[in-house]
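Here is how the chains run, residue by residue.
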Amino acid sequence: MQIVLTGHMDVPPDRIDAVMAALPDHIALTRAEPGCLSFEVKPAPGLPGRLVVSERFQSRADFEAHQARIKGSHWAAVTRGIARHYKVSEVPA
């Protein structure tokens with residue numbers, strides 16, 4: 001089963017510049033991970049500070065490896081404490 005994460009994060013106005021500066025590297029590193037099938041983080045039209053997140057991994061192990069990697073990453077430091085609203089689902093490959 002593949003793992004799909006969808007949802008959003010709401011970035012406070014005083015942190016948006018730092019988050020957006022860190023985002024390209026976070027996207028590139030994630031897309032290079034084994035088992036990453038897709039990874040998108042985009043601003044939500046009409047909702048300042050909201051970033052829509054969509055990711056798909058080949059397996060739960062790949063998704064869990066991604067989660068473990070980002071815990072100590074620059075992205076984790078830059079986004080620490082920012083509200084996230086995600087749903088994680090298993091879907092057929």
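The notes below deal with the structure included here. (Residues numbered from 1 in each chain as written. Predicted model: local features only at pLDDT ≥ 70, side-chain atom pairs only at ≥ 80, totals over all residues. Heavy atoms only, no water.)

Describing helix H2 (residues 60–71)
1) Next: Taking 1.5 Å of rise per residue, twelve residues should cover 16 Å, and H2 covers 17 Å from first to last C-alpha, within 8% of that figure.
2) Next: Burial in H2 covers these residues: Asp62, Phe63, His66 and Ile70. Relative to the axis of H2, the buried residues are bounded by an arc of 100° and lie together on one face. In this structure, H2 carries Ala61, Ala68 and Lys71 as exposed residues pointing more than 90 degrees from its buried face.
3) Next: Buried residues along H2 sit against strand S1 (2–10), helix H1 (16–31), strand S2 (36–43), strand S3 (50–57), helix H3 (74–79) and strand S4 (83–91). (Helix = DSSP H or I, 4+ residues; strand = E, 2+ residues; numbered from the N terminus. Expected span 1.5 Å × (residues − 1). Buried < 20%, exposed > 50% of the residue type's maximum accessible area, 1.4 Å probe, protein only. Arc of directions from axis to C-beta. Contact = heavy atoms within 4.5 Å.)

Some remarks on the nonpolar core
1) Next: Counting 18 residues, the largest nonpolar core has Met9, Val11, Val19, Val41, Leu51 and Trp75 as the members making the most contacts within it.
2) Next: Of all the elements in the fold, those that place two or more residues in this core are S1, H1, S2, S3 and H3.
3) Next: The dominant element in this core, judged by the number of residues it contributes, is H1, at four residues.
4) Next: When residues no more than four places from it in sequence are discounted, the contact partners of valine 41 are Leu23, Ile27, Leu51, Val52 and Val53. (Core = buried A, V, L, I, M, F, W, Y, C linked by side-chain atoms within 4.5 Å.)

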